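Spelled out from the first residue to the last, the chains are:
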Amino acid sequence: MATTSKYTVQYGQNIFDVCLTLYGSIEGLIDLFSNNEWLSIDTELHYGDILNYTPYYYEDSTVVSYFSTNDIIPANGTGSIYYKGESDIMFFAVIEESVKNISFIVSGSGSISVDWGDDSNMETVSLSSTEQVVTHSYSEKNTLVKKIRIYGSASIYNIDFSNLYVSLLFAIKQIGVESFTLSRYSALDINFISMLNGLLHIDFENSKIYDINSLISQKSLITLNIANCSILQPEIDALLIGLVKQYGIRRNCTVNIRGNARPSGTYKQPTTLSDPQTGMEAIWVLVNEHKESSGSWSFIVSDSETYTS
């Protein structure tokens, strides 16, 4: 087990302040959560609380050094930002600190309520089959880490978070969503996708994404766009082979992996159909052995290389 160190929470510090102090970035949350099982995104910290963390692990060492050299202790736990008291939370998002204007696109049935994480009132949005843009602007004086909560029990037809500028995104409960888009992000853990039910379309094009194996569980997908997502060959192979080995009952899907590392191997029938050894063998099995009633699988590997039956 890795050696951990202990940090004492200072006056006015919330969990994001601690991340900035220890890691130089709020992406250090993952390390805090892994080392403190009792800790969650909504835990209210108090002066003197003891947190375990991994020493000498930094997301941005220049930030850590700046705070230390200038005797700065980030402490944004007090102020005009307050929890609005709603229940039935769907999404929790942490917004990039420098962003002032954000928006997301949504359609569906029912309604959602948005706590923008500042001193503005809760915003209620009535959903319909027509997509609408939900926008918010933060005060220039608001330099705190912004935490957005979206509440409701609505059915989502389409939701596009591409202009929400999230650095972290969590789905807090099982949510019915038909189409999900989040593109143009530099680094994003997509483990939250396993909490979205009934997905027909996923679009992460031009985002650098992690934990793509969570996509295997989405058996209702018709289209999966992970083009230009900086995915390495072992990750691509694991996804494709996982689709074969965990096939179960699912729809045929058009999968766009263009612009990532090419799957390993040659497009050919594997020795054992249920046990492909390379990414390209897995594509062969999906295209040639899994022709569903609604059609066959299709894989866009590059601009000039598409496999379908």
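Please read these numbers as outputs of a predicted model, since none were measured by experiment.

Trainee: Account for the environment of isoleucine 112, naming residues and giving values.
Mentor: Among the structural elements, isoleucine 112 can be located in strand β5 (residues 111-115). The exposure class of isoleucine 112 is buried, given its relative accessible area of 2%. Linking isoleucine 112 and tyrosine 58, residues 54 residues apart in sequence, is a C-alpha distance of 37 Å. Excluding its chain neighbours within four sequence positions, the residues that come into contact with isoleucine 112 are Met90, Phe104, Glu123, Thr124, Val125, Leu127, Ile150, Tyr151 and Ala154.

Trainee: Tell me what's going on with the pattern of salt bridges, and back it up with residues and numbers.
Mentor: Considering all chains together, one arrives at five salt bridges under this definition. The salt bridge involving arginine 258 is made with glutamate 205; its shortest N-O contact spans 3.3 Å. With arginine 258 in the loop between β17 (254-256) and α5 (279-289) and glutamate 205 in the loop between β14 (201-203) and β15 (209-210), this residue pair connects regions lying 53 residues apart in the sequence. Look at arginine 258 and you get partly exposed, because its relative accessible area is 21%. Via salt bridges that share partners, Glu205, Arg258 and Asp303 belong to a single interconnected network.

The rules we used
Residues numbered from 1 in each chain as written. Predicted model: local features only at pLDDT ≥ 70, side-chain atom pairs only at ≥ 80, totals over all residues. Heavy atoms only, no water. Helix = DSSP H or I, 4+ residues; strand = E, 2+ residues; numbered from the N terminus. Buried < 20%, exposed > 50% of the residue type's maximum accessible area, 1.4 Å probe, protein only. Contact = heavy atoms within 4.5 Å. Salt bridge = Lys/Arg side-chain N within 4 Å of Asp/Glu carboxyl O.

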